[in-house]
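Close look at the chain arrangement
Residues per chain, in single letters:
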Amino acid sequence: MPISKPIIESIRDYLLTCPLVDGQKINVDYLGDGMEYSIDPVGADPIYKKYVDGGCQKQFQFAINSKNAYDGDARTGIANSGLYQSLEEWFETNNRSDVLPALDGYTPIQVEVLQSGYLFSTEADLGRYQIICRLIYE
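I will try to describe carefully the structure that is included in this document.

Once that is clear, we can look at the overall build of the chain. Helix and strand counts for the chain stand at two helices and six strands. Moving toward the C terminus, one meets the helices and strands of the chain in the order α-β-β-β-β-α-β-β. At 16 Å, the chain has a C-alpha radius of gyration in line with the 14 Å of a compact globule built from 138 residues. Seen through its principal axes, the chain has C-alpha atoms that stretch 55 × 30 × 25 Å. Burial statistics for the chain: of 138 residues in total, 38% are counted as buried. Of the contacts made within the chain by residues no fewer than 6 positions apart, 59% connect residues no fewer than 24 positions apart. Only carbon and sulfur atoms are counted for the fraction: they give 50% of the accessible area of the chain, which is about 7,800 Å².

Take the nonpolar core next. Residues Leu15, Phe60, Phe62, Ile64, Leu87, Phe91 and Leu135 are the most contacted members of the largest nonpolar core, which totals 26 residues. Mapped by element, the contributors of at least two residues to this core are α1 (7-15), β2 (37-41), β4 (56-69), α2 (74-96) and β6 (126-137). Contact partners of Ile64, with chain neighbours within four places excluded, come to Leu15, Tyr37, Ser38, Tyr84, Leu87, Phe91, Tyr129, Gln130, Ile131 and Cys133.

Turning our eyes to something else, we now look at the environment of Asp71. On the secondary structure map, Asp71 appears in the loop between β4 and α2. For Asp71, a relative accessible area of 53% gives the class exposed. For the pair Asp71 and Ala124, spaced 53 residues apart in sequence, the C-alpha separation works out to 8.0 Å. Within the local environment of Asp71, its side chain forms a polar contact with the backbone nitrogen of Asp73, the two atoms lying 2.9 Å apart. One polar contact links Asp71 to Thr76, side chain to side chain, over a distance of 2.9 Å.

The element β2 is extensively covered by neighbouring structure, given that four of its five residues are classed as buried. As defined by bridge partners, strand β1 (residues 26-28) adjoins β2 across three bridges and the pair is classed as parallel. Within β2, the position partnered with Val28 by the bridge is Ile39.

A full pass over the atoms with the stated rule returns six aromatic pairs. Between Tyr14 and Trp90 the ring centres are 4.9 Å apart and the planes differ by 40°, which places this aromatic pair in the tilted class. Taken together, the residues Tyr14 in helix α1 and Trp90 in helix α2 connect sequence positions 76 residues apart. For Tyr14, a relative accessible area of 5% gives the class buried.

The subject of this paragraph is the side chain of Glu112. Here Glu112 shows up in strand β5 (residues 108-122). Side chain to side chain, Glu112 and Gln110 meet in a polar contact 2.6 Å long. A polar contact is formed between the side chain of Glu112 and the side chain of Arg134, at a distance of 2.6 Å. The residues contacting Glu112, other than those within four sequence positions of it, are Tyr48, Ile132, Cys133, Arg134 and Ile136.

For the structure on display, the rule yields four salt bridges. For the salt bridge of Asp73 with Arg75, the shortest nitrogen-to-oxygen distance reads 3.1 Å. Its relative accessible area of 30% is what places Asp73 among the partly exposed residues.

Calculation notes
- Residues numbered from 1 in each chain as written.
- Predicted model: local features only at pLDDT ≥ 70, side-chain atom pairs only at ≥ 80, totals over all residues.
- Heavy atoms only, no water.
- Helix = DSSP H or I, 4+ residues; strand = E, 2+ residues; numbered from the N terminus.
- Rg over C-alpha atoms; globule rule 2.2 N^0.38 Å.
- Buried < 20%, exposed > 50% of the residue type's maximum accessible area, 1.4 Å probe, protein only.
- Contact = heavy atoms within 4.5 Å.
- Areas by Shrake-Rupley, 256 points an atom, 1.4 Å probe, with all protein chains shown as cover.
- Core = buried A, V, L, I, M, F, W, Y, C linked by side-chain atoms within 4.5 Å.
- Polar contact = N/O pair within 3.5 Å; in protein donor to acceptor, adjacent residues only side chain to side chain.
- Pairing = 2+ DSSP bridges.
- Phe/Tyr/Trp six-rings, centres within 6.5 Å; stacked < 30°, edge-to-face > 60°.
- Salt bridge = Lys/Arg side-chain N within 4 Å of Asp/Glu carboxyl O.

Structure representation (structure tokens):
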């Protein structure tokens with residue numbers, strides 16, 4: 001029996017279609033030293049909703065992390081926060097248009113933002129930003 005495509009790979013492929021991250025490197029479980037992105041699974045109960053007939057909806061929670069230019073200037077902080085606000089709006093627009101990650105053997109329902117993007121930590125000239133999301137599917 002062939003192994004289906006992992007959900008995290010489907011999420012990465014989906015994020016690669018986002019014009020906000022166009023041309024940027026998107027890793028999985030790894031955020032390097034430069035300006036790049038990472039999609040990291042977040043531990044959560046895989047069952048989102050149970051039905052009385054025994055079926056269920058499942059969830060896959062993940063964080064999108066990035067390192068962006070950071071200098072303490074308000075304009076830089078606004079631009080970085082604005083990127084994550086735009087990413088949240090991109091998910092909402094795609095949900096309304098039924099543009100969702102392509103899943104092997106499952107039907108995607110929606111991608112939700114659980115925690116808006118925020119500055120997670122800082123380094124010398126880079127800020128680490130994070131947004132927490134989940135994919136709901138059957």
